[in-house]
Every structure is written in structure tokens, then in C-alpha cells.
Amino acid sequence: MEIRLLWLGFCAFSCLCRCASAASTCKLKARFTLNGYKDVEKKQVVIGGMFPVHKRIASTNSNSSRAPVSSACEGFNFRTFRWTQTMLFAINEINNNKELLPDTDLGYVIYDSCFTISKAVEGTLTYLTGQDEAVPNYRCGDGPPLAALVGPGGTDLAIATARILGLYHFPQVSYSSTCSFLSTKYQFPTFLRTIPNDVHQSAAMAQMVLHFGWTWVGTIAADDDYGKYGIKDFKEQVEEAGVCISFSETLPKTESPEDIQRIVDTVIESTAKIIVVFSSDVDFSPLLLELLRHNVTNRTWIASEAWITSALINQPEVGSLLGGTLGFGVKKADIPDLQRHLLDLDPYDDDLTEEFWETAFDCTLDPVRAMRSKQRGANGTRTEREAAVKFCSGTESLSKLNNTYSDVSQLRITYSVYKAVYAVANALHNLEHCVDGQGPFKGKSCADISRFEPWQLMYYMKHARFTVPHTNEEIYFDDGEAQGYYDIINWQVNSGGEVSFVTVGQYNGSAAPQDRMTIANGSIIWNNEVLEPPRSVCSENCQPGTRKGIRQGEPVCCFDCIPCADGEISNSTNARECVLCGEDDWSNEAHDTCIPKIIEFLSYAEALGITLIALSAAGALVTITVGVVFFLHINTPMVKANDALLSFSLIFSLVVTFLSSIVFLGEPQEWNCMTSQVGLALGFAIALSSIMAKASVLMLRARFQKRLRARAKAAAKAAKEAAVAAASGDGPDVIVTSTVTNNDTNVLEEPEVDVLTAVHQRVMVAGATLIQAILCTVWLIVFPPHPFKNTKTQVDYIYLQCARGSDVLMCIVFGYDVLLAFVAFVLSFLARKLEDNAREGKSLTFSLLVFFIVWIAFVPAYLSTVGKFMVAVQIFAILASSLGMLICIFLPKCYVILVKAERNTEETMKPRPKPRDGSSTGTSASLSTVATTVTTAID
């Protein structure tokens, strides 16, 4: 907007040129005040130049009541004055070169841009008119043709002049304007530069940040196109690579203590240790002074080429702040005889040199001014005396100065100026030596060196290709751009506080991506003289075993390290997600490796397994021993009672249940999963059906005995009543004979209960077992039990278990066993009062009570355990229930057989009534002599 307003203002000038007479009249609305150098007399071609010799324009009076005056400049810059002298040196060197332009003497017009857009525009318009006044769109005068403009310094200034020069297709070669925006050819068609495009520098800065692993950086940019475009390209590249910007500040172009203080506060408060500064030295210096005042240290600065070797920045006191700075400098070179030229100045040649001399030696070349200052100081206050200006003779030695003007150790921008002048000279050389008929213009014509047009020279500028004297660097423009080559410079502070610019690497933007940057890490001295690169991260790296948890509302580089959940791992640094382990694996304690889960099953070899095998074997052995005892005494009444075959089937089933518990041990396989469950179900089915068959006979005998007792009780009662009646004399003498006839006695000896014969009992056992066998067969065919890996119960264990196959079929199979046990229990409970020597009714009842108690207790114990202990609980339940039945049923019998053999008789095996008075019981044969002869005495 500022450029457009200036342009419209200049276009408002009016000029009237009358060609009818020798005299002409031009009227200007304003006049410019420009400092610089000019030598156009008797020159064939004139090259323009523009340099920011001063840092700023002086403040002007805004009073509009009088004619405006062009602003003066202030803040002399020794470094840029060296650039100006370099252009003069290069032109003189070219004019003395008998090979480059032997027949053409170059002139020059050089202006001071004061690092200000308005001054740059003033100088451009003045240069284009060929006079000392700016007359837009006219060239008044018959001077030598204008070749090209070298400069100006600064991106904003270059943009302003490039827009004007582009209107006239006038070549412009910049030595320090690096902004990528200037590569837009449809806006700046005649802009060229001998300094790399900032696209390369932004990429180099981004690659450096990534090279050292910095993910948390701050940025500071000048408030101009150079800073804005440079930092924009940098941000885009680093953010795409995962780097976060802690803060982004803009340096004011005008004096603003508030803005500077805000930036200082931001730098102090930020945790970023790396700060990228894309700015000129002039714009950065106010911030630098404030940072020094606040003693801000422990920061590493990444510098752009505009200030990395600036003497304005490199002051003795900045070592603590900027020590360890890394930056990118354009290619440097040694230019022979330049220093001699710089030191060989006549201070009285022109106003600009005179100002330089007075500034450098802090004196005045005006004797009148010095005398007045001396008199004023002698008569004034102490402060005024101290401020008195001394007189300098003009013979002072520049070689004794210790400033950036005479320092030729870091000729970088200076070398770029040197190359720009030679680029113009070589283009003029090619134009001058064009062969007519082989030229590049219409009809293969050539341009005349004495009156060529700017667009004709522009053709040769674009196609220039030459070798720079003394350095042998080959220069050519790739669509107006120079090669993207930089030296990587490190600020190294010695013990005396002096800063040395040490080259520690290079960056070549035209090389392959992996080869562009070479840097010697070991050669870098960082801030505070540490050898290791500083760390600049918002959050420390998440180690393996954790993952990054993004904080809401904060950049992605700010995160929390969240431990991976159980069963998940991360084996890399800064993992975004934890990886779930496989089904058979689990995370280790550090959560950085998946390890196989602990496989658990009740093994034969472990202590618990051995114990259970021993108990099972012992139970089976005891049961077999009982069977042997019964077999050896098979003909005794105790064994024959209630069918010996049922006793042996019960013994066999108990052996099966004892041994089936062993099959539950070991790693589950198809065969043992099916065998263990089916064997257990069938074993209990045989045992319970055998008990049920025994209990059914005992129940019928008990019922018969109960009826018999009731009949005997009724007969005794009748006899008693008759006796009482006879004794009282109320009736005749009666002789009562036995109440039980011989037929009744025979019934007791062969009771009606035995209508359930041994055959019936065996059929009952076989039928009940067959039903269970059919159910088990269906279970095995349809949904057989099978081994499976239980990974749900405990996540870090794999429990090898036997799956039931079908819960419904399993419930039916074992529910059938429960039904048999319940029926047997009811029958034995009804027979519990049957009295015999073995008390078998009670034995069966107690055995089934033990069975139910064990399995009822088993359910909660089984559900509350996991893994191999579930199998152990199940085996204990099998052993306990089997052992309970063995002891309750067979221990009394074995006791009688082995210890009380005298009770192992037919008589004692018969049921006997329970005495009413608690006296001795007697035998079952007494039931046949219950009859009592009751006689009464007759009065």
C-alpha cells in the first residue's frame, strides 16, 4: 500500500517539455535530497547502485504550513558503507580490465537508500530520469545509457524498486534481497540476485532443527517481507516434520519499547531453548540490547544470513547471550586489493565520505564548527565540555580503526556486491561483442552498446555465465536465482569475550536431499561452552513402555507419557499408540516387550499333582483290598447279604472314580478331556445305581418290619387288655395262646420284601447305567469336551482346561447322577431304621449324605478358584465323595468280616425288631416267638 501511494504521488508530478526551441521547461512538485556517488561524465554506460549506508531517516517536522522537504538520513552503518566502496572498487577494476570491456568505460550513480522504502523509490526514479531530479516516465537528457541497478539492500526496498523497474523492463541485480516472494516473475520480471533465495535458507534452518532433534522452538521475524516469508517457509517445513512453535513474535520496524519488552517477556517465559531469528541486523539490534539488559542466557539462536556476521550485532558484551549461535552465511571470498581501496579514501572527495570520516574518528572536518564547539565547551557546563567536538585533519589512519568497515575477514554480502557488478559487466560484454546477423533480437540483430534499450540488456543478464575473478566461482542465473549455497557458522566466544565466526559445515540446496547439509557436530561450541547440543522439547521423550498422550489445547509436541496398559507394549521412543500383544503373549513389567504368557495346568510332576495321584492310587488300592476281602469271604452271610454282585459293582465303580481323578491331571488333550468327564459320570452312575438297588431292598424290608411291629404291638395290647380283664374277675378264665402263627414265622424267614430279587436289582443297575451311557455317548458325539486355552480368567496366564463342549449336555449327564443319588438317598433314608448286624441302611444313608455335602461344598470352592486349583478342587471332591461311600458302606462290613467273625452268621444277618424298652435286642428269630401264653387264675 505504501508503494502504491508513493507511486501515485510521483505520477502526480507534471512535466512540460517543449521541443520547438532549444529551451525546455519542467516543473516539479517536490525535490529530493539524496546522498551518494556519481560519475557519468565521458562514460559509455552507467551502472546504478543503491545501498543502505544509513540505518533510518531522521524524524521530520510534520508541519504542513510550508513546503515539504525530503527527509535526511541518520545512523551511519560502516558495514553497508563497505558494500558501497566495493561497488566502486569493482567498477574501477572492470574499467582497468583490458579483456572484459576494453572499449567501454563504465560510470556509476550510487544512492543511499537509508534502509527506507521512500528513499529507495526516490533514488530509483532519480536514476531512471538520468538527472538529479525525478521526472516519472521521462528521460530528460542525452547522457550515456543506463545499464542496470545494483541493489538496494533489504527486501522491502528491493520489492519497491523492482515494481518500478519492472514497468520499464529495467534490469535489477540484488546483492542482499533474499525474500522468496521476489522470485514471482510475473510481478518482478527483471529482478535477479547474486544471493540465494530464502527458500533454500528456510529449508536449511528446518533441516538443522531436525538434525539436532529440536522439537520446541521459538521464532522471531522482522516486520517486513524478508522476515514474514522466510519464517513462514521455515514453519511450514518444520511443522510438517512434527516440530512445534513455542512462540512467534514480530520485530517492529519503528521504535516501540512496548513491543520489544513484550518479546523479551515471551522469550524469558518460554521453555524453548532454540530461537530462530529471521531479521536484518538493524531490526534485531534493539531487541538484543533489551535481552542483554535482562541478562537472558541459556538460549541458542539460529541466525539468518542478514545478521550472522554483522558487526552491528557482534559487540563485545553479547558473548554471554549469543555464544553458541548457529547461522547461515552466504559464500565468502577474499578480494585482493579491496582492503587497500577501503583504506585509501580522501575524506574531502564527497559528502558521504566526509560523514564516514567524521563518524569513524568522532571528529569534524569543518574547522569553523570545531572552533565554535571548543569555545562553547570552554564556557559551558561540564557536560557541554565533554560533548565538545574535536577537529580532525583528514590525515587520520583508517588502518588503525577497529570496526567493520576495514574488516575483510568475512566478505559475504560484500562478495555478493562484487559478483553483482561483474554480472552486469559480463552482460554488457556479451551485448558489445554480439555479431550482427547472429544476434538474439528480431532479424537476428544486435544491440548497440552506446544506445541499447533496458530490455535488450535484460536478455544478456538472464543468459550471463561467467567466472568471478580471483575466486573462479562460476556464476549463472537459474531463472534469475543464484545457487543455494551457505556456510554454517558458529559463534565461538573465547576467554576474553571475543566472538569468532567459525565455519562448521555447509549447505548446498542443489544437492540430493540426503547430501545437502554437512555439519561437524564436534566442532560446535554451544552456549555456556558445553559440548553436547542443547535440548529443546516441550515434553521429554516418552520411553518404551509408554505412549504419547496429547494435552488438550496445546501443541502436539506438548504431551504426557502414559504407561501402556497391561497386555500392551511400545518398543520405540515417542510411540503414539501402544500395541496389543498377541493372544498367547503378555506385556513384561516394563511394557516394552511381549513375552509368552505363563501356561498353567495341573501337572503330574508337581507336588500337588503327585499328592493327588498318591491319594487316588491309595483310594483305589483300599477299594481293591475291600474287593479282595469280599471275594475271599464271598460265601459268608455278610457278603451274600443283599447280593454280592451289587457289592462288587459298587467296589468296581469306586475304583473307577478313584482312578478317573488321575485323568484330570496333565496337559488337557482330546482323549483325557473326554475320558475324565465320561469316566466320572459313568463311575458315579454305577455306584449310585448300585446303592439305589441296595437301598430299594432295604427300604422294602424296613417297611415290612414296620408293619410287623405294628401287628405285634396290637397283639400285645389285646393280650394285656384280656389279662387285665381276667384279673378283675369281670370275665371268664381265658387261656391265650400265641398271637403269631407258624405261618407268620415262615413269612419272616422268607419275607415278602424279597420279591425284589437279585435279578431285579441287577437289571435296575444295568438299566440306570445304560441310560447314563447313552447320555454320555450323545454328549461325546454332538458336543464333546475338548481342550482350550483360557486367557480370560487371568490376563497374564494361559490356563489349559477342558471345555465342556455343551453346558446343557453336561448338566443333563451329571444331573442324571444327582437324580440317582437323590433317589438312592430317599430309599436309604426310609431304610435307615432297619436293624441288622451290618446296619446297612444307615451306612447307605450316611454315604449319600457325605456325597451331597462334598459336592455342595465343591460348587463355591470350584467357582472361587482358577487354573490348576479348579482341577485340584474337582479331584478332591471326587476323592472325598468316593472315600466317603467306601468308608460308610464297607468299613462296618469289613469290621464284622475281619474282626467280629462270630457275628457273620445267617441269624445275625436277618432283620430284627428294635426293643421298646431299650433292653437287649435279641435276634430276628425272636419275631417268630412273639406269642405269649397268657393264663389267668380262676377264682
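Residues numbered from 1 in each chain as written. Predicted model: local features only at pLDDT ≥ 70, side-chain atom pairs only at ≥ 80, totals over all residues. Heavy atoms only, no water.

**Remarks on the side chain of Ser689**
Note on placement: Ser689 falls in helix H19 (residues 670-727). Leave out the neighbours within four places in its chain, and Ser689 touches Val765, Ala768 and Thr769. (Helix = DSSP H or I, 4+ residues; strand = E, 2+ residues; numbered from the N terminus. Contact = heavy atoms within 4.5 Å.)

**Side note on helix H6 (residues 225-240)**
Turn by turn, an α-helix covers 3.6 residues, leaving residues three or four places apart pointing in a common direction. With 16 residues, H6 ought to run about 22 Å at 1.5 Å a step, and its terminal C-alpha atoms sit 22 Å apart, in line with that. Residues of H6 that are buried include every one of Tyr226, Gly227, Gly230, Ile231, Asp233, Phe234 and Val238, and no others. The buried residues of H6 all sit within an arc of 155° when viewed along its axis, so they share a single face. Immediately downstream of H6, the backbone of Gly242 shows phi near 95°, a positive value. (Expected span 1.5 Å × (residues − 1). Buried < 20%, exposed > 50% of the residue type's maximum accessible area, 1.4 Å probe, protein only. Arc of directions from axis to C-beta.)

**Comments concerning the packing of aromatic side chains**
Across all of its chains, the model carries 38 aromatic pairs by this definition. Ring plane angle 75° and centroid distance 5.0 Å describe the contact between Trp855 and Phe858, whose orientation is recorded as edge-to-face. With Trp855 and Phe858 both in helix H23 (residues 840-863) and three residues apart, the pair spans about one turn of that helix. The exposure class assigned to Trp855 is buried, which follows from its relative accessible area of 19%. A relative accessible area of 13% means that Phe858 is categorised as buried. Among the aromatic residues, those joined into a ring-pair cluster are Phe684, Phe825, Phe829, Phe851, Phe852, Trp855 and Phe858. The ring of Tyr476 has Arg465 lying over it, and the distance from NZ or CZ to the ring centre is 4.2 Å. Across from the ring centre of Phe559, 4.6 Å away, lies the NZ or CZ of Lys548, which sits over that ring. (Phe/Tyr/Trp six-rings, centres within 6.5 Å; stacked < 30°, edge-to-face > 60°. Lys NZ or Arg CZ within 6 Å of the ring centre and 35° of its normal.)

**Re the sheet that holds strand S12 (residues 300-303)**
Across the sheet, which stays open at both edges, the eight strands sit in the order S10-S9-S11-S12-S13-S18-S19-S20 with mixed pairing between neighbours. Because the sheet does not close on itself, it has two edges, and the strands there are strand S10 (244-251) and strand S20 (517-519). Taken pair by pair, the neighbouring strands of this sheet meet at an average axis angle of 25°, ignoring direction. Two elements, strand S18 (residues 485-493) and strand S19 (residues 499-508), share nine bridges in a ladder whose sense is antiparallel. The partner of Asp487 across the bridge, within S19, is Gln506. Running over the sheet, helix H5 (residues 198-211) touches strand S9 (216-222), strand S11 (274-278), S12, strand S13 (326-330), S18, S19 and S20 and is turned about 175° from S11. Contacts from H6 reach S9, S10 and S11 within the one sheet, and its direction differs from that of S9 by about 160°. (Pairing = 2+ DSSP bridges. Axes fitted to C-alpha atoms, helices over the stretch in contact; angles between N-to-C directions.)

**Digging into H23**
End to end, H23 covers 35 Å across 24 residues, agreeing with the expected 34 Å (1.5 Å per residue, within 8%). Taken residue by residue, H23 has Glu840, Gly841, Ser843, Leu844, Thr845, Ser847, Leu848, Phe851, Phe852, Val854, Trp855 and Phe858 as its buried positions. Packing partners of the buried residues in H23 comprise H19, helix H22 (807-830) and helix H24 (868-898).

**Side note on the state of the cysteines**
Here, disulfide denotes a covalent bond that connects the sulfur atoms of two cysteines. The tally for this structure, following the rule as stated, stands at nine disulfides. Here Cys538 pairs with Cys558 through a disulfide, and the sulfurs are 1.9 Å apart. Measuring handedness by torsion sign, the sulfur bridge of Cys538 and Cys558 sits at about 105° and is right-handed. One end of the pair, Cys538, is in the loop between S20 and strand S21 (546-550); the other, Cys558, is in the loop between S21 and strand S22 (559-563), and 20 residues separate them in sequence. Relative accessible area serves as the criterion here: at 2%, Cys558 is assigned to the buried category. Here Cys564 is linked by a disulfide to Cys578, with a sulfur-sulfur distance of 2.0 Å. Torsion about the S-S bond of the Cys564 and Cys578 cystine: about -80°, corresponding to left-handed handedness. Here Cys578 lies in the loop between strand S23 (568-569) and strand S24 (579-580) and Cys564 lies in the loop between S22 and S23, a separation of 14 residues in the sequence. Classification of Cys564 by relative accessible area gives buried; the value is 5%. Classification of Cys578 as buried rests on a relative accessible area of 14%. (Disulfide = S-S within 2.5 Å.)

**A few points about the packing of H19 against H23**
Running from N to C, H19 and H23 point in directions that differ by 145°, and their axes come no closer than 10 Å. H19 and H23 meet at a crossing whose hand is left-handed. Judged by residue contacts, Phe684, Leu688, Ile691, Lys694, Ala695 and Leu698 of H19 engage Glu840, Gly841, Leu844, Ser847, Leu848, Phe851 and Trp855 from H23. Its residues assigned to classes, the contact of H19 with H23 comprises nine nonpolar, two polar and two charged. (Left-handed = near helix turned anticlockwise from the far one by under 90°. Nonpolar A, V, L, I, M, F, W, Y, C, P; charged D, E, K, R; others polar.)

**So, the confidence of the model for the chain**
Mean pLDDT over the chain works out to 82, with 85% of the residues at or above the 70 mark. Within the model, pLDDT remains below 50 along residues 733-753, and this stretch shows 35 contacts once partners closer than five positions in the same chain are excluded. (pLDDT = per-residue confidence, 0-100.)

**A short note on the nonpolar core**
Within soluble globular proteins, side chains that are nonpolar generally end up buried alongside one another. Core analysis: the biggest nonpolar cluster contains 101 residues, and Met208 and Leu428 have the highest contact counts within it. When residues of this core are assigned to their parent elements, the largest contribution, 13 residues, is made by helix H14 (residues 413-432). Ignoring anything within four residues of it in the chain, the contact list for Met208 reads Trp214, Ile302, Leu326, Phe328, Ile488, Met517 and Ile519. In terms of nonpolar packing, the next biggest core, distinct from the first, is built from 55 residues, Phe630, Ala695, Leu848 and Ile875 among them. (Core = buried A, V, L, I, M, F, W, Y, C linked by side-chain atoms within 4.5 Å.)

**Details of the pattern of salt bridges**
Within the structure shown, the criterion is met by 23 salt bridges. A salt bridge links Arg262 to Asp259; the nearest nitrogen and oxygen atoms lie 3.0 Å apart. Placement of the pair is Arg262 and Asp259 together in helix H7 (residues 257-269), with a separation of three residues, close to one helical turn. For Arg262, a relative accessible area of 36% translates into the label partly exposed. In this structure, Asp584 and Lys789 form a salt bridge, with 3.4 Å as the shortest nitrogen-oxygen distance. A residue pair is termed long-range when its members are at least 10 positions apart, and Asp584 in the loop between S24 and strand S25 (585-587) and Lys789 in strand S28 (residues 786-790) qualify at 205 residues. Given the relative accessible area of 34%, Asp584 is considered partly exposed. (Salt bridge = Lys/Arg side-chain N within 4 Å of Asp/Glu carboxyl O.)

**Some words on the packing of helix H3 (residues 117-129) against helix H4 (residues 155-167)**
Put simply, H3 and H4 touch, their axes get as near as 9 Å, and they point 30° apart. As the angle between them shows, H3 and H4 are arranged roughly parallel. When you trace H3 past H4, the crossing you get is right-handed. Along its contact with H3, which presents Ile117, Ala120, Val121, Thr124, Leu125 and Leu128, the element H4 presents Asp156, Leu157, Ala160, Thr161, Ile164 and Leu165. Grouping the amino acids of the contact of H3 with H4 by side-chain chemistry returns nine nonpolar, two polar and one charged. (Parallel < 35°, antiparallel > 145°, perpendicular 65-115°, else oblique.)

**Some remarks on unusual backbone geometry**
In this chain, Gly151 is followed by Pro152 through a cis amide linkage whose omega measures -5°. Tracing the chain through its elements places Pro152 in the loop between strand S6 (146-150) and H4. Notably, Cys114 is not glycine yet its phi reads approximately 55°, a positive angle. Following the sequence through the fold, Cys114 ends up in the loop between strand S5 (106-112) and H3. Located in the positive-phi region is Asp362, a residue other than glycine, with phi close to 55°. Locating Asp362 in the fold gives a position in the loop between helix H11 (351-361) and strand S14 (363-364). By relative accessible area, Asp362 is classed as exposed at 59%.

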